[in-house]
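# Overview (structure and organization)
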Amino acid sequence: MIKNIIQLTVLGVVWKRYKSVIISTLLLFVYFWLIGMLHDDYLSYTELNQDPAHLGLSYIVKWLAFFIGVMVYLLFHIFFPRLKKPRSTPTIQKEASKPLNPTETDPFAEIRQRKKLRSRADFIIDKQKD
């Protein structure tokens, strides 16, 4: 049971992190398959018609389509992360970074002005030394 939970957790983390890469790679492979099938159909068509006049051009178009697919794939992965919106910071951090109004009192001003901060453990150690 724990093995299944761990596998699902790892699968969920991998999917969440690499979802766009997985989907775009699968789409690239489907694109390659589709171009290959279309080219095979064209080769069958030219064989049936006994017309090999544009056979060389069909290979050029096929490899040009492969190249364009790879370029679109690479450009997607180069520019897509830049298009993502940055995650919003929690409101607690936003409120903490706001400057205080001069009329408000800062409850931690005394702590910030101390030269050395001491914990409860420091006080207990000092008592034991005495």
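Residues numbered from 1 in each chain as written. Predicted model: local features only at pLDDT ≥ 70, side-chain atom pairs only at ≥ 80, totals over all residues. Heavy atoms only, no water.

## Section: the overall build of the protein chain
In terms of helices and strands, the protein chain carries 5 helices and 0 strands. Within the protein chain, contacts between residues at least 6 apart in sequence are counted, and of these 55% link residues at least 24 apart. Carbon and sulfur atoms make up 66% of the accessible area of the protein chain, which totals about 12400 Å². (Helix = DSSP H or I, 4+ residues; strand = E, 2+ residues; numbered from the N terminus. Contact = heavy atoms within 4.5 Å. Areas by Shrake-Rupley, 256 points an atom, 1.4 Å probe, with all protein chains shown as cover.)

## Some thoughts on the pattern of salt bridges
This model, assessed by the stated rule, comprises 3 salt bridges. With a shortest N-O distance of 1.8 Å, Arg-118 and Asp-126 are connected by a salt bridge. (Salt bridge = Lys/Arg side-chain N within 4 Å of Asp/Glu carboxyl O.)

## Some details on helix α1 (residues 2-49)
One turn of the α-helix equals 3.6 residues, which is why residues spaced by three or four share an orientation. Tyr-18 marks the point of greatest bend in α1, at about 75°. When we look at burial in α1, the residues that qualify are Ser-24, Leu-28, Ile-35, Gly-36, His-39 and Thr-46. Positive phi appears at Gln-50, one or two residues downstream of α1, with a value of about 55°. (Bend = angle between axes of the 7 residues up to and from the residue. Buried < 20%, exposed > 50% of the residue type's maximum accessible area, 1.4 Å probe, protein only.)

## Side note on a nonpolar patch on the surface
Taken together, the side chains of Ile-2, Ile-6, Val-10, Val-14, Trp-15, Tyr-18, Val-21, Ile-22, Ile-23, Leu-26, Leu-27 and Phe-29 make up a nonpolar region of the molecular surface, amounting to roughly 1100 Å² of accessible area. With respect to the helices and strands, Ile-6 occurs in helix α1. (Patch = residues over 30% accessible without salt bridge, like charges linked within 9 Å, V, L, I, M, F, W, Y side chains within 5 Å.)

## Regarding the packing of aromatic side chains
Under the criterion given, the structure shown has 4 aromatic pairs. Note on Phe-32 and Phe-66: the rings are 5.0 Å apart at their centroids and 70° apart in plane angle, and the pair reads as edge-to-face. Here Phe-32 is found in helix α1, whereas its partner Phe-66 is found in helix α2 (residues 55-83), with 34 residues between them in sequence. Both rings, one in Tyr-42 and one in Tyr-45, keep their centres 6.4 Å apart while their planes meet at 35°; by these two values the pair is tilted. Taken together, the positions of Tyr-42 and Tyr-45, both in helix α1 and 3 residues apart, correspond to about one turn of that helix. Each member of the aromatic cluster is reached from another via a ring pair, and the members are Tyr-31, Phe-32, Trp-63 and Phe-66. For the cation-ring pair, Arg-118 lies above Phe-123, with the distance from its terminal atom to the ring centre recorded as 4.5 Å. (Phe/Tyr/Trp six-rings, centres within 6.5 Å; stacked < 30°, edge-to-face > 60°. Lys NZ or Arg CZ within 6 Å of the ring centre and 35° of its normal.)

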